[in-house]
There are 2 protein chains.
Amino acid sequence: MTTPLGEFRVNQTSDPWALLQKCNTRLSTGSIQQAFDRDPDRGRRHTHRLGQLRLDLSRNVPDESAWSALLALAAERGLPAGIRRLLGGDTVNLSEQRPALHSALRCREVATATGVVGEVEAMQARMFELADGFAAGTWRGATGNPITDLVNIGIGGSDLGPKLAVEALAGAGPRRVHFLANVDGSAIAALLPRLNPATTAFCLTSKSFSTRESLTNATSARAWLEQGLGRGPEAPGAHFIAVTARPERARRFGIAAERILPMWDWVGGRYSLWSAVGLPIAAAIGAAGFKSLLAGAAEVDVHFRDEPLARNLPVLLALVGIWHRNVAGLLAHAVVPYDERLKSLPEYLQQLDMESNGKSVTAEGEPLQRASGPLIWGGIGTNVQHAFFQWLHQGTDVVPVDFIAVRDPGHDYPEHHRQLLANMLAQATALMRGRDATATAAVLRAEGLDPAEIDRRTLQCVFPGNRPSNVLMLEALTPRALGNLLALYEHKVFVQSWIWGNNAFDQWGVELGKTIAADIEPRLERAAGGGDPSLDHWIDWVSRRES
Amino acid sequence: MTTPLGEFRVNQTSDPWALLQKCNTRLSTGSIQQAFDRDPDRGRRHTHRLGQLRLDLSRNVPDESAWSALLALAAERGLPAGIRRLLGGDTVNLSEQRPALHSALRCREVATATGVVGEVEAMQARMFELADGFAAGTWRGATGNPITDLVNIGIGGSDLGPKLAVEALAGAGPRRVHFLANVDGSAIAALLPRLNPATTAFCLTSKSFSTRESLTNATSARAWLEQGLGRGPEAPGAHFIAVTARPERARRFGIAAERILPMWDWVGGRYSLWSAVGLPIAAAIGAAGFKSLLAGAAEVDVHFRDEPLARNLPVLLALVGIWHRNVAGLLAHAVVPYDERLKSLPEYLQQLDMESNGKSVTAEGEPLQRASGPLIWGGIGTNVQHAFFQWLHQGTDVVPVDFIAVRDPGHDYPEHHRQLLANMLAQATALMRGRDATATAAVLRAEGLDPAEIDRRTLQCVFPGNRPSNVLMLEALTPRALGNLLALYEHKVFVQSWIWGNNAFDQWGVELGKTIAADIEPRLERAAGGGDPSLDHWIDWVSRRES
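Every residue gets a number counted from 1 within its own chain, in the order that chain's sequence is written. Chains and ligands are labelled by the order in which they are written, letters from A for the one and numbers from 1 for the other. For a predicted model such as this one, the threshold for reporting local features is a pLDDT of at least 70, and the threshold for listing and counting side-chain atom pairs is 80 or more; totals across whole chains, interfaces and linings nevertheless cover every residue. To get the side-chain values, take all heavy atoms of the structure and skip hydrogens and water.

### Some thoughts on unusual backbone geometry
Reasoning step 1: Cis geometry marks the peptide bond from G381(A) to T382(A); its omega dihedral reads 5°.
Reasoning step 2: In this fold, T382(A) is placed in the loop between β9 (375-378) and α15 (389-394).
Reasoning step 3: For F209(B), which is not glycine, the phi torsion reads 50° and is therefore positive.
Reasoning step 4: Here F209(B) shows up in the loop between β5 (200-205) and α10 (212-229). Helix and strand definitions follow DSSP, with helices as H or I runs of at least four residues and strands as E runs of at least two, each counted in order from the N terminus.

### As for the relation of the copies chain A and chain B
Reasoning step 1: The fit set for superposing copies consists of C-alpha atoms from residues with pLDDT of at least 70 in both; the fit itself is least squares. Taken as rigid bodies, chain A and chain B are interconverted by a rotation of 180° and an axial shift of 0.0 Å, the fit giving an RMSD of 0.0 Å. In the structure described here, the two chain copies are related by an operation that fits a two-fold rotation axis. Minimal C-alpha separation from the rotation axis in chain A is found for W377(A), amounting to 3.3 Å.
Reasoning step 2: Between two residues, a contact is recorded if the distance between any of their heavy atoms is within 4.5 Å. Mapped onto chain B, 99% of the interface residues of chain A again fall at the interface, so both copies present the same surface.

### Quick notes on the confidence of the model for chain A
Residue and element names in this part refer to chain A.
Reasoning step 1: The quantity called pLDDT is the predictor's confidence in a given residue, expressed from 0 to 100. Mean pLDDT over chain A works out to 95, with 97% of the residues at or above the 70 mark.
Reasoning step 2: In the predicted structure, residues 1-12 sits below a pLDDT of 50 and forms 28 contacts with residues beyond four places in sequence or in another chain.
Reasoning step 3: The complex model carries a pTM of 0.96, and its ipTM stands at 0.96.

### A short note on the packing of helix α8 (residues 160-169) of chain A against helix α14 (residues 345-357) of chain A
All names here are of chain A.
Reasoning step 1: Contact geometry of α8 with α14 gives a least axis separation of 9 Å together with a crossing angle of 155°. In this view, α8 runs roughly antiparallel relative to α14, as classed from their interaxial angle. Crossing of α8 over α14 shows left-handed handedness. Between α8 and α14, the contacting residues are L160, G161, K163 and L164 on the first element and L345, E347, Y348 and Q351 on the second.
Reasoning step 2: Each residue is assigned to one of three groups, with Ala, Val, Leu, Ile, Met, Phe, Trp, Tyr, Cys and Pro labelled nonpolar, Asp, Glu, Lys and Arg labelled charged, and all others, Gly among them, labelled polar. For the contact of α8 with α14, the per-class residue count stands at four nonpolar, two polar and two charged. Angles here are taken between N-to-C directions and fall from 0 to 180 degrees, while the axes themselves are lines fitted to C-alpha atoms, restricted in helices to the stretch in contact. Roughly parallel means an angle under 35 degrees; roughly antiparallel, over 145; roughly perpendicular, 65 to 115; everything else is oblique. Left-handed describes a crossing whose near helix is turned anticlockwise from the far helix by less than a right angle; the clockwise case is right-handed.

### Focus: the sheet that holds strand β4 (residues 176-180) of chain B
All names here are of chain B.
Reasoning step 1: If you trace the five strands from one edge of the open sheet to the other, you get β4-β3-β5-β6-β7, paired in parallel fashion. Every other strand in the sheet has two partners, leaving β4 and β7 (260-262) as the edge strands with one partner each. Between one strand axis and the next, the sheet turns by 20° as a mean value, whatever way the strands run.
Reasoning step 2: The pairing of strand β6 (residues 240-244) with β7 spans three bridges and is parallel. Bridge assignment links A242 to a residue of β7, and that residue is I260. Think of it this way: DSSP has to see at least two bridges between two strands before they count as a pair.

### Comments concerning the sheet that holds strand β3 (residues 149-153) of chain A
Residues and elements named next belong to chain A.
Reasoning step 1: Strands sit in the order β4-β3-β5-β6-β7 across an open sheet of five strands; the sheet is parallel. At either end of the open sheet lies a strand with only one pairing partner, and these are β4 (176-180) and β7 (260-262). Between one strand and the next, the sheet's axes are offset by a mean angle of 20°, whatever the strand orientation.
Reasoning step 2: Relative to the sheet, helix α7 (residues 117-136) contacts β3, β4, β6 (240-244) and β7, its axis offset from that of β7 by approximately 145°.
Reasoning step 3: Together, β3, β4, β5 (200-205) and β6 form the strand contacts of helix α10 (residues 212-229), whose direction differs from that of β5 by roughly 160°.

### Overview of the side chain of N423(A)
Reasoning step 1: Looking at where N423(A) falls in the secondary structure, it is placed in helix α16 (residues 414-433).
Reasoning step 2: When sequence neighbours within four positions are dropped, the list of residues in contact with N423(A) reads Y338(A), T382(A), Q385(A) and A517(B).

### A few points about the interface of chain A and chain B
Reasoning step 1: The interface of chain A with chain B comprises 133 residues on the first partner and 132 residues on the second.
Reasoning step 2: When chain A packs against chain B, the two sides together hide about 11700 Å² of surface, and 60% of this comes from carbon and sulfur.
Reasoning step 3: Salt bridges are defined by distance alone: a side-chain nitrogen of Lys or Arg within 4 Å of a carboxyl oxygen of Asp or Glu. Among the salt bridges present, the one from R212(B) reaches E415(A), with a minimum N-O distance of 3.8 Å.
Reasoning step 4: Pairing of N or O atoms within 3.5 Å defines a polar contact, subject to two protein rules: one partner must be a possible hydrogen donor and the other a possible acceptor, and residues neighboring in sequence count only if both atoms are side-chain atoms. Along the contact surface separating chain A from chain B lie 63 residue pairs in polar contact (both at pLDDT 80 or more).
Reasoning step 5: The dominant element in the side of chain A that touches chain B, judged by the number of residues it contributes, is α16(A), at 15 residues.
Reasoning step 6: A class-by-class count of the residues in the side of chain A that touches chain B yields 54 nonpolar, 44 polar and 35 charged. Take the accessible area each of two parts loses on contact, using a 1.4 Å probe, and add the two losses: that sum is the buried area.

### Observations concerning the pairing of β4(A)
All names here are of chain A.
Reasoning step 1: Across five bridges, β3 lies against β4 in parallel orientation. Across the sheet, N152 pairs through a bridge with F179, a residue of β4.
Reasoning step 2: Handedness of the β3-α8-β4 crossover: right-handed. With the strands pointing away from the viewer, any crossover whose connection runs clockwise from the first strand over the helix to the second is right-handed.

### Considering the packing of aromatic side chains
Reasoning step 1: Two rings belonging to Phe, Tyr or Trp (six-membered ring only in the last case) form a pair when the distance between their centres is within 6.5 Å. Interplanar angles under 30 degrees mark stacking, angles over 60 mark edge-to-face geometry, and anything in between is tilted. Applying the stated criterion across every chain yields a total of 32 aromatic pairs over all chains.
Reasoning step 2: Over a ring means this: the NZ of a Lys or the CZ of an Arg is within 6 Å of the ring centre and within 35 degrees of the ring normal. The ring of W538(B) has R54(A) sitting right over it, with the charged end atom 5.4 Å from the ring centre.
Reasoning step 3: The ring of W274(A) has R106(A) sitting right over it, with the charged end atom 4.6 Å from the ring centre.

### Digging into the environment of I322(A)
All names here are of chain A.
Reasoning step 1: In this structure, I322 sits in helix α13 (residues 313-327).
Reasoning step 2: Relative accessible area serves as the criterion here: at 0%, I322 is assigned to the buried category.
Reasoning step 3: Sequence separation between I322 and P374 is 52 residues, and the spatial gap between their C-alpha atoms is 9.6 Å.
Reasoning step 4: When residues no more than four places from it in sequence are discounted, the contact partners of I322 are W17, L70, L73, V327, Q496, I499 and W500. Each residue is assigned to one of three classes by its accessible area relative to the maximum for its type, calculated with a 1.4 Å probe on protein chains only: buried under 20%, partly exposed between the two thresholds, exposed over 50%.

### As for the environment of A66(B)
Residues and elements named next belong to chain B.
Reasoning step 1: Tracing the backbone through its elements, the reader meets A66 in helix α4 (residues 64-76).
Reasoning step 2: Between the C-alpha atom of A66 and that of M432, which follows or precedes it by 366 residues, the distance is 18 Å.
Reasoning step 3: If sequence neighbours within four positions are ignored, A66 has contacts with L20, C23, R26, L27 and W323.

### Comments concerning the side chain of D56(A)
Reasoning step 1: Checked against the element boundaries, D56(A) lands in strand β2 (residues 53-56).
Reasoning step 2: With a relative accessible area of 0%, D56(A) lands in the buried category.
Reasoning step 3: There is a polar contact of 2.6 Å between the side chain of D56(A) and the side chain of S58(A).
Reasoning step 4: A distance of 3.0 Å separates the side chain of D56(A) from the side chain of R59(A), its partner in a polar contact.
Reasoning step 5: If we skip the residues at most four places from it in the chain, D56(A) touches G43(A), H46(A), T47(A), S469(A), N470(A), V471(A), S534(B), H537(B) and W538(B).

### Quick look at the pairing of strand β10 (residues 401-408) of chain A
Residues and elements named next belong to chain A.
Reasoning step 1: Burial of β10 is extensive: seven of the eight residues sit out of reach of the surface.
Reasoning step 2: Summarising the sheet, strand β8 (residues 332-337) and β10 pair through four bridges and their orientation is parallel. In the sheet register, V336 faces β10, and the bridge partner there is F403.
Reasoning step 3: The pairing of β10 with strand β11 (residues 469-476) spans seven bridges and is parallel. In the strand pairing of β11, F403 is matched with V471.

In structure tokens, the structure reads:
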């Protein structure tokens, strides 16, 4: 399939934002459905392939000349140089003065170009050895029993990526991987009673080895092991792996050096599933599976580096998002996988996108000129058709949707799968096509309703339509396809940050809450207010000084 | 605690929307934090109690006179009459010509007033008998074994409410309740291999007994039972309960009359957990627990019916949402429970709110004059602090947050719980307080950074602040408190619908997608396009007619 977008001439002399607004004004007199009616090739032409993915951008407002304007914007913002800087290992994270080398973890050419091949390969060899030990049952705990349950302790990027990949790719087997993220005691209290200390190990992932939630959970887990194993305070050490940039702290926690895997400054948490943070993935699907996941991502890295903007999928996906956010002025973007195994994908993309691009200043500290990262949210289909789809179809606001599904199911319920895919395609169609009052009244008449009922219902049953969506399918839910999918979104997020001008790789917005929590926590313990009228009554009540 | 809001005089002569805009203009020159600085009693005064709930509305922009204007709006919209109509059993669902009597399922006074006491009590007696049979191990399957695993088959309201309540309230025990909603074969394929047909039963909930997803899952479950039980085609019937308004269809499916529980037209799916749809809840927590859940909701019903608007919690919660949506112009509203057991609450409220108020026309079919139901989304704290909170704090858009927590934890990890609550209060504080450039630079200096680094970081680390939130705590996660919480939100949604003028109880927006899916599904089976250029290339690819 060829895409004629590759042939567009980019006009760099005019202001691309002004041009986009002009396109929007022109296009707002028509509809996406009318564009299909005029141009039956629109669907195929705007459907792109990359690895095991197929991405259909045709149910969006931009026509060929609006796409040209979007590409001109990317060119004007110097995106090709941005891509080279990212993949060449330049300091793209200015506030922390670091490169962002997640692509080097999976793409040999990027690793070579950025000079990290040696450390990456050494890390991977050790990671696969530990993962294989778990999978093969040769990792034995303090009592000599093989470890059968591995609990990942990590939060944010140390949780979401590994959890998503394990849920997506791991089948049922004799060994299990669990995830413990929340500091809420309900989480650990629900998990530990299901496990046997003799056969349970923990993988504690924290770049700084000071993430409060993870250290608190690990400390409680260590106490549970010590008590359950009954072999003294050193015994739990044999049941821990650490993934951290601060190995000395992990040693002090009681973890042996041979079970401490490195993290590096140049990998951000939300980009870290490709690193040793992915150990639970390798433990669940094996080293070969993990290598396929990396290969799938690398396939996208090479594409991102080499393809011209007009045929570059992360770029196109980003640009249609720029259209929605900055040209159409839409706040939010929904992610709806029609696959139970991808149920954590909305949460994963939420972190990836919103923590990267939820910023209001440029990398240099100037206020952004435009709205940046959208609100990313979603849920799994078909469930959400019975929840928020009413709102998507008939609400007063428009939110574009990424529909995501898998062509070849991993099960023997073909009728279920056919219904699933039919529903997904139908929802994208319904959002775009809509149904006006005349068509609605005709449908109600055909259903045999009486005139009074038709009158009462017609306007309630009108659909405005012209609501945009992307349709993305994987051939099958393989490690390679998942690698394709996640790297596609990673680079999409980078492209958008580059166009907006913010730094996608820092997250200073998480700090203030931590500082204030550190102030409140001892006050809750001592039941002591601090003269803050917004808090003291809560501190009194939580400490039961006030009924 | 008294609330002086009860004493406000409502001025019904001026246009309340214009008055609200004036308030907003006036208040936009100050900040919420400044209001606290001026008025140390603000926190306590705007914190309200109801049953086992404590709700703090103080971290919002409205001052006393803006609250007066909001209450005037409610009065002008005739809200007291609306509440009477709802709880009196009037036809509030105009398009379907029905009352909405979910309150009658839990509040004896409402049931009496609306004349349904008899049918409700008869249903409950049968429901508790079935639930007790499961809990006591006296329900035996076709092979004589006691049923140990109950699988709820339902989607939307037949899934989300029961799932939330079971996750929130059920402890670990010898019997388990599972939830199967999605038609995706991955869901049933992951569940059935973990279960034994001899000891597994299904509760199939579908008002119409024609919900495609649920019937497809139930048909596959019945086949699995038939094969696994090996006692012929009648045997699976002993392993099924149905909850439906179409008992004759359930009989034809093979379910005995004594295991068919009624549903009624006058209970909407998203308001149905109080009905026989709650059977899995009663099965998991017992009849006494379920009665407490009902009693908690009834407590709110009576409050909602009897309290003046200015002291009526569902009304106040709704009005602050009206401020956010229509006065401040904010699209979305986040729900962030700081409790693992409430992890499904955001999804539950998403359906409740967005399916009720995701409408663009009045109950009479006129276009709404204002934006209606917001986008409801969220996740659990503290996890989401490491995901989308960057965006909430520093993104270019403002989204208010409902923070929800539980004072008395149900576990023995007090340090975990203290951290959890400290974090929640800290996030609400940080969103409100913010941190300007001067304060930020001072913090960075105090951390000992060098001047170049301070320069580089200061503007990245500024927090705009003045971002609103509600803080809501339950004394403990009891059935009563959960009943309080869910009924509070139900009535909040009703109040907003009344003010906007839309019908909260229909959901015509889900129909068009179903119609189109019914057209696409056979085309996927036959690999036959229909001349639709937006779909045919997908049908070819999914059917593997195109590589």
